[in-house]
Amino acid sequence: MKPYLKFGLLIGVIIGVIVWLAVGGVNETKTYYKTISELHHLSNQGLEHNFRVAGDVAENSIVRNGHEVQFTLSQDCRKAQAGCAADGPHQQFSLKVVYAGIEPLPDTFKPGAQALADGRLGPDGVFHADKVQAKCASKYEAKPPQRVASQKASL
Amino acid sequence: MENLGALALLLAFCFSIYAIAASLVGKWKKKPFLTVSAERSVYAIWFLVSAAAAILVYSLVSGDFRMAYVQQHTNRAMPAIYKFAAWWSGQEGSLLLWAWLLSNYCAVVVFTNRRRFRDMMPYVVSVLVATEAFFLMLITFVASPFHVLMSGKAIVDVLDGNGLDPLLQYWTMVVHPPMLYLGYVGFVVPFAFAVGSLITKQPGDAWIHTTRRWTIVTWLFQSTGVLMGAGWAYAVLGWGGYWGWDPVENASLLPWITATAFLHSVMMQEKKGMMKVWNAVLVSATFFLCIFGTFLTRSGIVSSVHAFSQGPIGKYFVSFLAVGVAATIYLILDRLEYLKSEAQLESVVSRESSFLFNNLILLASCFAVLWGTLFPVISEAVTGEKISVDAPFYNRVNVPIALFLLFLTGVGPLIAWRRSSLDSLKRNFLWPTIGGLSLIVVLFALGIHKLYALMSFGLCLFVAWTVVAEFFKGASAIRIKDNVSFARATVELTHRNTRRYGGYLVHMAIVIMFIGFTGSAFNKSVTAEVPSGGTLNIGHYQLRVMQIQDGENDNYQWGRLVIDVSKDGKPIGTMQPEKRFYKSSRSQSSEVAIRRRAEDLYINFSGISNASQPGVEKKAVVQAYVFPLVSCIWMGYWVLLFGTLICLIPSKNRLQYPKTQVVGIATKHATVEK
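For clarity, every value in this text was computed on a predicted model and none was experimentally measured.

Digging into the overall build of chain A
Phase 1: Within chain A, the secondary structure is distributed over 3 helices and 8 strands.
Phase 2: Ordering the α and β elements of chain A from the N terminus gives α-β-α-β-β-β-β-β-β-α-β.
Phase 3: Counting only residues that meet the buried cut, chain A has 42% of its 155 residues in that class.
Phase 4: For chain A, the exposed surface amounts to about 8400 Å²; the carbon and sulfur share of it is 58%.

Description of the overall build of chain B
Phase 1: Of regular secondary structure, chain B possesses 19 helices and 13 strands.
Phase 2: What you see for chain B is a C-alpha radius of gyration of 28 Å, in line with the 26 Å of a compact globule of 674 residues.
Phase 3: Seen through its principal axes, chain B has C-alpha atoms that stretch 85 × 75 × 60 Å.
Phase 4: For chain B, with 674 residues in total, the buried portion stands at 58%.
Phase 5: Considering only contacts within chain B whose residues lie at least 6 apart along the sequence, 71% involve residues at least 24 apart.
Phase 6: Carbon and sulfur atoms make up 66% of the accessible area of chain B, which totals about 27800 Å².
Phase 7: Of the charged side chains in chain B, 57 are positive and 37 negative; the average position of the first set lies 10 Å away from that of the second.

Describing the domain arrangement of chain B
You'll often see interface size given as the accessible area lost when the parts meet.
Phase 1: Examined at the domain level, chain B breaks down into domain 1 (1–163) and domain 2 (522–631).
Phase 2: Taken over C-alpha atoms, the centre of domain 1 of chain B sits 45 Å from the centre of domain 2 of chain B.

Some points on a nonpolar patch on the surface
Residues and elements named next belong to chain B.
Phase 1: Taken together, Met1, Leu4, Leu7, Leu11, Phe15, Tyr18 and Tyr58 make up a surface patch of nonpolar side chains, about 660 Å² in accessible area.
Phase 2: Ranked by the residues each element gives to the nonpolar patch, the list is headed by helix H1 (residues 2–28), at 5 residues.
Phase 3: For Tyr18, the position within the fold is in helix H1.
Phase 4: Residue class for Tyr18 comes out partly exposed when judged on its relative accessible area of 37%.

Quick notes on the pattern of salt bridges
Residues and elements named next belong to chain B.
Phase 1: Taken as a whole, this structure holds 15 salt bridges over all chains when the rule is applied.
Phase 2: Notably, a salt bridge pairs Lys473 with Glu470, separated by 3.5 Å at the nearest N-O pair. Here Lys473 pairs with Glu470, and both are found in helix H16 (residues 451–482), just 3 residues apart, close to one helical turn.
Phase 3: When salt bridges with common partners are traced through the structure, they connect Arg560, Glu578, Arg580 and Glu591 into a single cluster.

Overview of the packing of helix H15 (residues 422–445) of chain B against H16 of chain B
Residues and elements named next belong to chain B.
Phase 1: Running from amino to carboxyl end, H15 crosses H16 at an angle of 145 degrees, the nearest separation of the two axes being 8 Å. In the packing of H15 onto H16, the handedness of the crossing is right-handed. Every residue of H16 that contacts H15 at Asn428, Phe429, Trp431, Pro432, Thr433, Gly435, Gly436, Leu439, Ile440, Leu443 and Phe444 is listed here: Leu454, Met455, Phe457, Gly458, Leu461, Phe462, Trp465, Thr466 and Lys473.
Phase 2: Grouping the amino acids of the contact of H15 with H16 by side-chain chemistry returns 13 nonpolar, 6 polar and 1 charged.

A look at the packing of helix H7 (residues 171–186) of chain B against helix H8 (residues 188–199) of chain B
Residue and element names in this part refer to chain B.
Phase 1: At their nearest, the axes of H7 and H8 sit 5 Å apart, and the two run at 0 degrees to each other. Put simply, H7 runs roughly parallel to H8. Contact residues: H7 offers Tyr184, Val185 and Gly186, while H8 offers Val188, Val189 and Pro190.

Comments concerning unusual backbone geometry
All names here are of chain B.
Phase 1: One non-glycine residue, Trp245, lies in positive phi territory at about 55 degrees.
Phase 2: Within the secondary structure layout, Trp245 lies in the loop between helix H9 (206–236) and helix H10 (247–272).
Phase 3: Judged by its relative accessible area of 15%, Trp245 falls in the buried class.
Phase 4: Even without glycine at this site, Leu629 takes up a positive phi of about 70 degrees.
Phase 5: For Leu629, the position within the fold is in the loop between strand E13 (619–628) and helix H19 (631–648).
Phase 6: Leu629 sits in the partly exposed class, given a relative accessible area of 25%.

Things to note about the sheet that holds strand E4 (residues 524–531) of chain B
Residues and elements named next belong to chain B.
Phase 1: Taken together, 4 strands build an open sheet; the order of strands is E4-E13-E12-E11 and the sheet is antiparallel. Looking along the sheet, the strands with just one partner apiece sit at the ends: E4 and strand E11 (593–595). Strand-to-strand, the axes of this sheet are offset by a mean angle of 20 degrees, without reference to chain direction.
Phase 2: Strand direction decides the pairing type here: strand E12 (residues 599–609) and E13, joined by 10 bridges, are antiparallel. Considered in E13, the bridge of Leu601 is made with Val626.
Phase 3: Contacts from H9 reach E11, E12 and E13 within the one sheet, and its direction differs from that of E12 by about 50 degrees.

What to know about the pairing of strand E1 (residues 31–34) of chain A
Phase 1: In E1 of chain A, alternate side chains face the same way, and those of Thr31 and Tyr33 of chain A on one face and Tyr32 and Lys34 of chain A on the other are all buried.
Phase 2: In the sheet, E1 of chain A pairs with strand E3 (residues 387–388) of chain B via 2 bridges, with the strands oriented antiparallel. Each residue of the ladder has a partner; that of Tyr32 of chain A, found in E3 of chain B, is Ile387 of chain B.
Phase 3: Of the pairings in the sheet, the one linking E1 of chain A to strand E2 (residues 50–57) of chain A comprises 4 bridges and is parallel in character. Bridge pairing links Tyr33 of chain A to Arg52 of chain A in E2 of chain A.

Quick look at the side chain of Glu2 of chain B
All names here are of chain B.
Phase 1: Along the chain, Glu2 turns up in helix H1.
Phase 2: Classification of Glu2 as buried rests on a relative accessible area of 7%.
Phase 3: Here the side chain of Glu2 touches Arg66 through a polar contact of 3.0 Å, side chain to side chain.

Looking at the confidence of the model for chain B
Residue and element names in this part refer to chain B.
Phase 1: Averaged over chain B, the pLDDT score is 85; the fraction of residues at 70 or greater is 93%.
Phase 2: This model gives residues 655–674 a pLDDT under 50, and the stretch forms 28 contacts once residues within four places in sequence are excluded.
Phase 3: Among the scores for the predicted complex, ipTM is 0.72 and pTM is 0.87.

Here we look at H1 of chain B
All names here are of chain B.
Phase 1: Its 27 residues place the ends of H1 39 Å apart at the C-alpha level, agreeing with the 39 Å of an ideal helix rising 1.5 Å per residue.
Phase 2: Taken together, the buried positions of H1 are Glu2, Gly5, Ala6, Ala8, Leu9, Ala12, Phe13, Ser16, Ala19, Ala22, Ser23 and Gly26.
Phase 3: At the C-terminal side of H1, Lys30 shows a positive phi close to 55 degrees.

Concerning the environment of Ala475 of chain B
All names here are of chain B.
Phase 1: When you line up the elements, Ala475 lands in helix H16.
Phase 2: Judged by relative accessible area, which is 0%, Ala475 ranks as buried.
Phase 3: Put simply, Ala475 and Ser354 are 121 residues apart on the chain and 26 Å apart in space, counted from C-alpha to C-alpha.
Phase 4: Not counting residues up to four positions away in its chain, the partners in contact with Ala475 are Phe486, Ala489, Thr490 and Leu493.

Reading the values: rules and limits
- Residues numbered from 1 in each chain as written.
- Chains lettered and ligands numbered in written order.
- Predicted model: local features only at pLDDT ≥ 70, side-chain atom pairs only at ≥ 80, totals over all residues.
- Heavy atoms only, no water.
- Helix = DSSP H or I, 4+ residues; strand = E, 2+ residues; numbered from the N terminus.
- Buried < 20%, exposed > 50% of the residue type's maximum accessible area, 1.4 Å probe, protein only.
- Areas by Shrake-Rupley, 256 points an atom, 1.4 Å probe, with all protein chains shown as cover.
- Rg over C-alpha atoms; globule rule 2.2 N^0.38 Å.
- Contact = heavy atoms within 4.5 Å.
- Lys, Arg positive; Asp, Glu negative; His and termini not counted.
- Charge placed at Lys NZ, Arg CZ, Asp CG, Glu CD.
- Domains from an automatic or database assignment.
- Patch = residues over 30% accessible without salt bridge, like charges linked within 9 Å, V, L, I, M, F, W, Y side chains within 5 Å.
- Salt bridge = Lys/Arg side-chain N within 4 Å of Asp/Glu carboxyl O.
- Axes fitted to C-alpha atoms, helices over the stretch in contact; angles between N-to-C directions.
- Left-handed = near helix turned anticlockwise from the far one by under 90°.
- Nonpolar A, V, L, I, M, F, W, Y, C, P; charged D, E, K, R; others polar.
- Parallel < 35°, antiparallel > 145°, perpendicular 65-115°, else oblique.
- Pairing = 2+ DSSP bridges.
- Polar contact = N/O pair within 3.5 Å; in protein donor to acceptor, adjacent residues only side chain to side chain.
- pLDDT = per-residue confidence, 0-100.
- Expected span 1.5 Å × (residues − 1).

The structure is reproduced here in structure tokens:
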């Protein structure tokens, strides 16, 4: 039994170390997905978390200012999205984002595109992103009108 | 045309249902003609799916814009090669590519095994064809590539298509997806043989011997696909990242990890008859992770830069996975007694043990990556909040794992089976260890104080040393005995045992890649706004923007920087990063300028500031990076390719091996191989 005991101990140590690393890694980098409307309803204690926000880049909102890029993300609750905390007449939400990361903004990042911003919400309500992704590459699937129009061939 | 294509797919689907039924019924009722007819219908499926694929490709290349798929993914101005590549740039087309590749594999398997494994083949065929049927069902009923554009009841013919995303108009994108798919799809075959052998309670390890070469080839395709994706990201995305732990990248990495673990642990089964359950689990896990990867990229379950289409096909994949995994688990549990180990672990310092830890650590890495990828889904289910983890999580877990693996890469192959004496350890590892440690001391003295980087370089030298020493020892012996030159002796040595020495070369390739990965600890980057005539310094380099040009052609508008580069005051040439705006797809792309040397100088023209304000001087936003050693990653790939190909060459000393093609005899392969 002795070698098996040794193996058991070694395996235990290895798995323990990996779990320890993983738990630390999760706590350090976890990012909460929030919609823009949820961010608007957030209390101040939420400010210390990392957030990932999705939205449409508002037309004519991209401003380049030195290293920084500013833009506005918007969410339209009339499009019936999940997680939309619409209150009364308030149907459209927007969020001012400042990005000053190392990576250049992706080429697909442009007005009207869907984008994801990772970062923290400042007390002034401006979102400071350290990473911005835009829906890109593999697929621009059919735009809705075509999807409706395209129907199955005779089969 | 499109009707013919859809009809071919529908017929292929019917044939595949028939093939499953016929081969199973033929087996149970002992009617060989039924099993043979099932195998024949595999050829029919191949023909039909090929015809459908040919029709789609013809429509893409000839620009039949009545078809939705053609209209969405091509336009008239595109070069023909990208029109062809548009085959796999959308969901429907890539599912068709999956089905087509699988039908090829099925046909090859049925043809090469037409006289062998008569008792096992019906099951192998049914597993293969069941997978094929699943994909055919998707492209026939759910996501057909042969839809036409209609308005009301009339077919619409539009003048031009949307065009392919400019990011995808890059040569690796023509090769990368088929390579990955060849790797993904290929793992169906070892899995099918494993299942066939479990069902028929094969006493030996026939399935492992039959599928070994197959596994290596598909593993090579997977490696090629993954690295090519990395190479594409590096050259195209504009910030020099080759790996971002994006869900899609993770999806391609997961089956590669389990496949690598499998390639190693099958040796335990071949040589010692151990780890049989484990191998059955690994090969199934690899297969399901391949399907899972396709599912992940196609269902939109996790958000990613790869912008998944939120298609309706997710639920089909989940059902397929659930049924498949459940059936496989049941099968393995039911056959546990046939998978009993023939030997026991004896010592912690032994070859067996190094294989065991290699597997443990690979699986841990696989699990960590899977966990991280699915974290948003899991956390949402458990806490109701969607939480994601980021690149630092993956690096934190995987860097130590990778270093430990690198260590095992050096130790494993040289340690003896069963148990190793202190003496032999000293003989093999004394000098490599001293070498590695001295390198660490020297680098530390030179001012490198990053722990992981130091460890990585030290381990790289350690492993490289052991590999070179192995070649040197073997070749010297041959050189003295046969009185030939050293180079000839090395070739002879490799030829005598291609598996072993090819494997060493692959290990060497991994070492070279690790040197490249470690280089990323010393990356530098500078972003600045530079007017025409201005300069920018990074590392040893000085960049002077000579001109800011712009212009346009039929396809795109462009802006270009002409930058004179000098290193330590000496001019070394001009670099011209470019920014393009494609007219038809209305999207931008960057053409970065890269000077590939021991350290890459990488310049991206990321835009013009003050462009819209009149009267203010235009300034170019320049992002400059220095990436030391990154070329090692691509160089390592060529060594990996070479080493893997050598593994595939039959060894010269064939007679030394036991006859492995005999089926149904529980041969204990007492091997002569060292």
